[in-house]
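Listed below are the residues making up each chain.
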Amino acid sequence: TAFGREVLDEMARVGMVACCSHTGLRTTMETMEHTTNPVIFSHSNPLGVWRHKRNITDDAIRACARTGGVVGVNGIGIFLGRNDASTETFVRHIEYVADLVGPEHVGLGLDYVFDTQELEDYLRANPGIFPADEGYAAGVHMIEPERVPEIVDELARRGCCDDAIRMILGGNLM
């Protein structure tokens, strides 16, 4: 909308980064077309690796990269696979985005929740927002921040160079 474009312009003026992790495809693509600043997905995964309605398309990933933005790969199991929060699956998502648009457009967006019981209670109390058929009923497995060294080791094992690993760990978002 015209108002949405005004908001994006004001965000750019004051130095705010636009994030499309919780927007639909149309809003995402229109945001990428309008803004003159980098746009990020702070915590989103590629649909090309795992089909979940919360994950993002290759076109959205490419559009983000064209703005100079970054896709922060999410560590939530139901967005990675069949509630698969394994390091190998997480790194597969990182590699997919890096292969698609380059490692300079990839970051970590773990979306980790420390109070897992509170999260489980919230999901159970809100089945309309978090439907069982989208994987929420099984409980949510997550990549913990303590696993970052293991992620680094797996990236290196798969041939990712030290400079790319540093960029993925936070340099790209800086």
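(A) Region of interest: helix H5 (residues 87-101). Look at H5: 21 Å from first C-alpha to last across 15 residues, which is about the 21 Å you get at 1.5 Å a residue. Among the residues making up H5, those that are buried are Thr87, Thr89, Phe90, Val91, His93, Ile94, Val97, Ala98 and Val101. Tucked into the core, H5 has its buried residues touching helix H3 (58-66), strand E3 (71-73), helix H4 (77-80), strand E4 (106-108), helix H7 (148-157) and helix H8 (162-171). Where H5 ends, the next residue or the one after it, Gly102, has phi of about 100°, a positive value.

(B) A look at the pattern of salt bridges. Scanning the entire structure with this criterion turns up 10 salt bridges. Glu95 is paired through a salt bridge with Arg158; the nearest N and O atoms lie 2.6 Å apart. With a gap of 63 residues between them, Glu95 in helix H5 and Arg158 in the loop between H7 and H8 connect regions that are remote in the sequence. The class of Arg158 is partly exposed, set by a relative accessible area of 30%.

(C) Highlighting unusual backbone geometry. A positive phi angle, close to 55°, is found at Asn83, a residue other than glycine. As for its position among the elements, Asn83 is in the loop between H4 and H5. In the Ramachandran plot, Asp111 falls in the positive-phi region, its phi being about 65° despite a non-glycine side chain. Inspection of the secondary structure puts Asp111 in the loop between E4 and helix H6 (116-125).

(D) Up close: the packing of aromatic side chains. Evaluated as defined, the whole model comprises 4 aromatic pairs. Each ring, one from Tyr112 and one from Phe114, has its centre 4.8 Å from the other, and the planes form 85°; the classification is edge-to-face. Using a relative accessible area of 24% as the deciding quantity, one classes Tyr112 as partly exposed. Seen in terms of ring centroids, Phe130 and Tyr136 are 5.2 Å apart; in terms of plane orientation they differ by 65°. Their pairing is edge-to-face. Judged by relative accessible area, which is 21%, Phe130 ranks as partly exposed. Judged by relative accessible area, which is 12%, Tyr136 ranks as buried. Among the aromatic residues, those joined into a ring-pair cluster are Phe79, Tyr122, Phe130 and Tyr136.

About the cut-offs
Residues numbered from 1 in each chain as written. Predicted model: local features only at pLDDT ≥ 70, side-chain atom pairs only at ≥ 80, totals over all residues. Heavy atoms only, no water. Helix = DSSP H or I, 4+ residues; strand = E, 2+ residues; numbered from the N terminus. Expected span 1.5 Å × (residues − 1). Buried < 20%, exposed > 50% of the residue type's maximum accessible area, 1.4 Å probe, protein only. Contact = heavy atoms within 4.5 Å. Salt bridge = Lys/Arg side-chain N within 4 Å of Asp/Glu carboxyl O. Phe/Tyr/Trp six-rings, centres within 6.5 Å; stacked < 30°, edge-to-face > 60°.

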